[in-house]
Amino acid sequence: MKKLRIEDKLYLVGYNVDHEYSHLGISDPEVCKTCEKKQCTYVCPASVYTWDEKEQKININYDACLECGTCRFACDYITWKYPRGGFGVAYKFG
Amino acid sequence: MRKKDFDVIVVGAGPAGLAAAYVLAKAGVDVIIIERGKFPGAKNVMGGIFYRKPMDDLIPEFYKEAPVERHIIEQRMWFMDDVSHFSMGIRTQKHNSEPYNCFSVLRAQFDKWFSKKVVEAGALLINETVVTEPIVEDGKVVGVRTDRPQGDLYADCVIAADGVQSFLAKSLGLRKKITPDKVALGVKEIISLSEEQVNDRFGVKDVNEGVTIEITGPFLKGMEGMAWIYTNKSSVSIGIGVIIDDLIKHNMNPNDLLESLKSHPSVLPLIEGGETMEYLAHVIPEGGYKSIPKMYTDGFMVAGDAAMLVDSVHREGSNLAVESGKLAARTYLEAKEAGDFSEKTLSRYQDKLEETFVLQDLKYYRNLPELLEEKRYLLTEYPQFLIDAMVEIYTVDGTPKPEKFRKIKDELKNRFGYVGLAKDLYTIWRKLR
Ligand SMILES: Cc1cc2nc3c(=O)[nH]c(=O)nc-3n(C[C@H](O)[C@H](O)[C@H](O)COP(=O)(O)OP(=O)(O)OC[C@H]3O[C@@H](n4cnc5c(N)ncnc54)[C@H](O)[C@@H]3O)c2cc1C
Ligand code: SF4
Ligand code: SF4
């Protein structure tokens, strides 16, 4: 069986993307520069967070978020809210 | 007179909130249930095995009309390393006749169905609406604020069934900070197969009979977690849940872990050739009894995952959610009778939960999270020993049996020491007492 990458799998997920508002953020992006583990970049099951070496910051691709809540517990600097009502992930099966 | 739009506001249309709203609506209470998803279930993920009993008390024989997948007649437990697994399990015809023990379900479909029953019973359901905070006046919860324009709503009582994130209980200061060692991330795929493939691969007679497999052991490389494979009608749900702190420490990406599970030689033949239909993720509160917040205050009760009511040993959560939602609703009915929604009256909710399996089960396992935190090796080294011993016993290679048994005994001594073994057994016994 072919190994599936996260990108392949996210195609299978239904979303209602909120183009105006990101429900994810980082309260103090300066901290990221010295954050050793940068765990947000690997614990997220949707690869929402990536480290931008050039800009020295974390990029947040919030529209892929599965709203699992992991990053909220994994890093205190991540500000996590629910997407606005009706937006975000919408599972077909669950 | 205080403002009042409804008797009760229920936040969250998962099993806890739906059960609460159902009981209230049936009793003629004016109840609104608010859900942030497009529909109830759109945001919800579980393994998912749904236990019958608490739900059957609410809607007798619900499984005849609810979208359940298969009733479970066999439950297996695997201890797995990279190349072997040791299997135990129970298959019984006692679970193969009505009213059945438990069912595999897909939550987006199940919750949607349940919400229809709740609306039929007379509750008002509002979707696509986030409750942002409780409204507190004179130290009492009197309503909620939502993200809709003019979205403030007032009621005698608010039942927070808003799941593991539980912003409401948090903003009222009812619960402690949840640390990453007390929550697991579960990732899951639904993989389509034909009905016949599921029947053949899991050894069941027809599309109604189902099997569950729970998997733990050294393949998790010392992380605390559990994988599962559950049969649906024409698909399987396969997933893995691991404590978030362990993922962080092991630099582990959850999808990589799921992919390595899927390609394991014991697992692959069960899913080979199937197409992934959906990929899902959700956290599971696993702190157990000691992480339970205060579950009530003036005009406010907390139910289900929001109150951390998950028994991770037996992968039970949805049934605790239904039971707690039901009891919160019954507590409200008593409070209404008395015309008093104070903390004192609502504390009856806690008493009720203590009389049931919900708090009794969780209390029994109260020391387990700590035990496993201190002694992670219990999850790898003993299962590894078991696997190795079984391989030894079943390998016929000319070694006389007495020598084999001696070898196994020596291994036991080498790996754990008799003192270590006795200590571990004693600790487990003491912690579960
Ligand atoms: C991967 C995984 C596998 C599991 N496997 C099993 C299993 O096999 N068997 C089992 O019994 N249990 C299992 N569980 C546990 C079970 O899913 C939960 O215990 C159960 O869903 C709890 O129900 P609930 O109603 O309390 O919360 P939820 O089901 O989480 O429902 C909360 C609801 O509230 C809504 N909501 C949240 N906040 C707001 C807000 N502010 N405003 C409006 N709406 C809001 C959410 O959208 C959601 O619909 C599993 C959990 C996971 C994550
Ligand atoms: S968001 Fe948190 S985990 Fe990620 S780099 Fe910044 S500080 Fe580190
Ligand atoms: S909530 Fe889950 S999916 Fe969304 S960004 Fe955080 S870890 Fe990733």
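### Details of the interface of chain A and chain B
At the junction of the two partners, chain A supplies 40 residues and chain B supplies 57 residues. Roughly 4000 Å² of surface becomes buried between chain A and chain B when both sides are summed, with 56% attributable to carbon and sulfur atoms. Summed over the three residues of chain A that lose the most area to chain B, namely Met1(A), Phe73(A) and Phe93(A), the buried surface amounts to 21% of that side. Between the two partners, chain A and chain B, sit five salt bridges. The shortest N-O distance in the salt bridge between Lys177(B) and Asp76(A) comes to 2.7 Å. At the boundary of chain A and chain B, one finds 29 residue pairs in polar contact (both at pLDDT 80 or more). Going through the elements one at a time, α1 (6–10), α3 (40–43), α4 (70–74) and β6 (88–89) of chain A are the ones with two or more residues in the side of chain A that touches chain B. Split by residue class, the side of chain A that touches chain B holds 22 nonpolar, eight polar and 10 charged.

### Re the site of ligand 3
Residues and elements named next belong to chain A. Neighbouring ligand 3 are 13 residues, the closest being Cys44, Cys65, Cys68, Cys71 and Trp80. If you map ligand 3 onto the pockets, it falls in the second largest cavity. Tallied by class, residues from the shell around ligand 3 come to 10 nonpolar, two polar and one charged.

### Brief notes about empty space enclosed by the protein
Residue and element names in this part refer to chain A. Counted by the stated rule, this structure contains two cavities of 30 Å³ or more. Contributing to the lining of the largest cavity are 14 residues, with Asp18, His23, Tyr62, Asp63 and Gly88 lying nearest its centre. Those elements that place two or more of their residues in the lining of the largest cavity are β1 (15–16) and β6. Looking at the second largest cavity, its volume works out to about 80 Å³. In terms of lining residues, the second largest cavity is bounded by 14 residues, among which Cys44, Pro45, Cys65, Cys68 and Cys71 are the most central. For the lining of the second largest cavity, a count of residues per class yields 11 nonpolar, two polar and one charged.

### Topic: the nonpolar core
Counting 77 residues, the largest nonpolar core has Tyr49(A), Leu66(A), Ile215(B), Ile229(B), Ile240(B), Leu261(B) and Val267(B) as the members making the most contacts within it. Looking at which element gives the most residues to this core, the answer is strand β11 (residues 183–192) of chain B, with five residues. Formed jointly, this core draws a minimum of three residues from each of two domains, domain 1 (6–67 + 106–175 + 293–355) and domain 2 (183–285) of chain B. Ignoring sequence-local partners within four residues, the contact set of Val267(B) consists of Trp78(B), Met80(B), Ile215(B), Ile229(B), Ile238(B), Leu261(B) and Lys262(B). Membership of the second largest hydrophobic core comes to 76 residues, among which are Leu18(B), Ile59(B), Cys157(B) and Ala161(B).

### A short note on the site of ligand 2
Contacts to ligand 2 come from Ile26(A), Cys32(A), Cys35(A), Lys38(A), Gln39(A), Cys40(A), Ile58(A), Cys75(A) and Ile78(A). The residue inventory of the shell around ligand 2, partitioned by class, reads seven nonpolar, one polar and one charged.

### Observations regarding the domain arrangement of chain B
Residue and element names in this part refer to chain B. Taken domain by domain, chain B comprises domain 1 (6–67 + 106–175 + 293–355), domain 2 (183–285) and domain 3 (369–431). A separation of 29 Å is found between the C-alpha centroids of domain 1 and domain 2. Taken together, the contact between domain 1 and domain 2 spans 13 residues of the former and 15 residues of the latter. Approximately 1200 Å² of surface area, both sides summed, lies buried where domain 1 meets domain 2, with 68% of it carried by carbon and sulfur atoms.

### Points about the pattern of salt bridges
If you walk through the whole model with that rule in mind, you get 48 salt bridges over all chains. Where Glu7(A) meets Arg5(A), a salt bridge forms, and the shortest distance between an N and an O atom there is 3.4 Å. Of the charged contacts in the structure, one is a salt bridge between Asp206(B) and Lys205(B), with a shortest N-O distance of 3.9 Å. A relative accessible area of 62% means that Lys205(B) is categorised as exposed. Among the ionic contacts, a cluster of salt bridges with common partners joins Lys9(A), Glu189(B), Glu259(B) and Lys262(B).

### Some points on the packing of helix α9 (residues 318–338) of chain B against helix α12 (residues 357–364) of chain B
All names here are of chain B. At a minimum axis separation of 10 Å, α9 and α12 run at an interaxial angle of 135°. With respect to α12, the element α9 is oriented oblique. Here Asn319, Leu320 and Glu323 of α9 come into contact with α12, specifically with Phe357, Val358 and Leu362. In terms of residue class, the contact of α9 with α12 is made up of four nonpolar, one polar and one charged.

### With respect to the environment of Met55(B)
One can find Met55(B) in helix α2 (residues 53–58). The spacing of Met55(B) and Trp429(B) is 374 residues in sequence and 33 Å in space, taken between C-alpha atoms.

### Regarding the side chain of Thr212(B)
Checked against the element boundaries, Thr212(B) lands in strand β12 (residues 209–216). Side-chain polar atoms of Thr212(B) contact the side chain of Arg315(B), separated by 3.2 Å.

### A look at the pairing of strand β1 (residues 6–11) of chain B
Residue and element names in this part refer to chain B. Of all six residues that make up β1, six are buried, and the element is covered over most of its length. Relative to strand β10 (residues 152–160), β1 is paired through five bridges, and the arrangement is parallel. Looking across to β10, one finds that Phe6 is bridged to Ala155. For β1 and strand β2 (residues 31–34), the ladder comprises four bridges, and the chain directions are parallel. Across the sheet, residue Val10 finds its bridge partner in β2, namely Ile33.

### So, helix α7 (residues 254–262) of chain B
Residue and element names in this part refer to chain B. Among the nine residues that make up α7, seven are buried, leaving the element largely enclosed by the rest of the structure. Of all the residues in α7, the buried ones are Pro254, Asn255, Leu257, Leu258, Glu259, Leu261 and Lys262. The distance from a side-chain oxygen at the start of α7 to the backbone nitrogen of Asn255 is 3.0 Å, and the residue carrying that oxygen is Asn253.

Conventions and cut-offs
- Residues numbered from 1 in each chain as written.
- Chains lettered and ligands numbered in written order.
- Predicted model: local features only at pLDDT ≥ 70, side-chain atom pairs only at ≥ 80, totals over all residues.
- Heavy atoms only, no water.
- Contact = heavy atoms within 4.5 Å.
- Buried area = accessible area lost by both parts, 1.4 Å probe.
- Salt bridge = Lys/Arg side-chain N within 4 Å of Asp/Glu carboxyl O.
- Polar contact = N/O pair within 3.5 Å; in protein donor to acceptor, adjacent residues only side chain to side chain.
- Helix = DSSP H or I, 4+ residues; strand = E, 2+ residues; numbered from the N terminus.
- Nonpolar A, V, L, I, M, F, W, Y, C, P; charged D, E, K, R; others polar.
- Near = heavy atom within 4 Å.
- 1 Å grid on protein atoms, 1.4 Å probe; cavity = no way out; pocket = protein on both sides within 12 Å on 5 of 7 lines; lining within 4 Å.
- Sits in = over half its atoms within 2 Å of the grid points.
- Points joined across faces, edges and corners; volume = space filled by probe spheres on them.
- Core = buried A, V, L, I, M, F, W, Y, C linked by side-chain atoms within 4.5 Å.
- Buried < 20%, exposed > 50% of the residue type's maximum accessible area, 1.4 Å probe, protein only.
- Domains from an automatic or database assignment.
- Axes fitted to C-alpha atoms, helices over the stretch in contact; angles between N-to-C directions.
- Parallel < 35°, antiparallel > 145°, perpendicular 65-115°, else oblique.
- Pairing = 2+ DSSP bridges.

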